[in-house]
Amino acid sequence: MGVELLYPMRTYLIVSSDGERTNVMAADWVVPLSHEPFMVGVVISPKRLTYEFIEKTGEFVVAVPTLDLKMKVWKAGTVSGRDEDKSTLFKFVPSAKVGVPSIEECVANLECRVVEKKEYGDHVFIAAEVLHSTYADFAFDGGARIDRIRFLAHTWGRAATFDTRYY
Ligand SMILES: Cc1cc2nc3c(=O)[nH]c(=O)nc-3n(C[C@H](O)[C@H](O)[C@H](O)COP(=O)(O)O)c2cc1C
């Protein structure tokens, strides 16, 4: 067993673009880095088309999906944009601060610009500043509302979500 031991994890979507084409992939390996400035880290294999697009533009969006989107998220995470156009899976809307679009169906979208990259083994850690974020008030009212929104999580191979009450 390896990274599976760190699961369950949340699942996110990474939106990227080469300036013409928009692509989306699933990503579990997303981590907060700083409050001020707001920064996040994403860990992406250099084999992904997403990686190639981020290399080109230096921008991406981290979108927060809900459990009801699990089939589309699974497709985004199992098919490469190199083999199939994934741009019709979600409804894309313009972002405020980056050229890469946000996803309308997601409860939050974090618009990111790459600050630094470092290769670790078979993946690359990408540190980015969140230039702007949009979110559904209903989902983040006084913290994440697991009693209202079924945030998407992953057990390594299977979709999951949270209990709907707090402890
Ligand atoms: C739930 C889930 C989470 C994933 N998390 C990551 C991740 O954090 N980093 C990564 O490089 N690949 C991750 N993947 C794999 C990519 O999403 C997958 O290889 C995708 O097809 C890449 O698409 P692209 O080539 O269009 O960029 C994940 C896949 C799934 C199903």
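Here, every reference points to the structure presented above.
Heads up: these notes are all about the structure in this document. (Residues numbered from 1 in each chain as written. Predicted model: local features only at pLDDT ≥ 70, side-chain atom pairs only at ≥ 80, totals over all residues.)

### Here we look at the sheet that holds strand β9 (residues 108-120)
So the rule is basically this: Two strands qualify as a pair provided DSSP detects at least 2 bridges between them. Strands are runs of DSSP state E lasting at least two residues, helices are runs of H or I lasting at least four, and both sets are numbered from the N terminus onward. Here the axes come from fitting lines to C-alpha atoms, over the contacting stretch only for helices, and the angles between their N-to-C directions go from 0 to 180 degrees. Each residue gets a C-beta atom placed from its backbone, and two residues are in contact if those atoms lie within 7 Å.
Read across the sheet, seven strands follow the order β3-β2-β6-β9-β10-β5-β4 without closing on themselves; strand pairing throughout is antiparallel. A single partner strand is all that each edge strand has here, and the edge strands are β3 (22-27) and β4 (30-34). Neighbour-to-neighbour, the strand axes of this sheet turn through a mean angle of 35 degrees, independent of strand direction. With four bridges joining them, β4 and strand β5 (residues 39-44) adopt antiparallel strand pairing. Among the inter-strand pairings, Ser34 is bridged to a residue of β5, identified as Met39. Sheet strands touched by helix α1 (residues 49-57): β2 (12-17), β3, β5, β6 (59-64), β9 and β10 (123-135). Its angle to β2, the strand with the most contacts, is close to 50 degrees.

### Let's talk about unusual backbone geometry
Tyr7 connects to Pro8 through a cis peptide bond whose omega is 5 degrees. Mapped onto the fold, Pro8 is located in the segment before β1 (9-10). For the bond running from Glu36 to Pro37, omega is 0 degrees, close enough to zero to count as cis. Mapped onto the fold, Pro37 is located in the loop between β4 and β5. For Trp156, which is not glycine, the phi dihedral falls at a positive 85 degrees. You can see Trp156 is positioned in the loop between β11 (153-154) and β12 (159-160).

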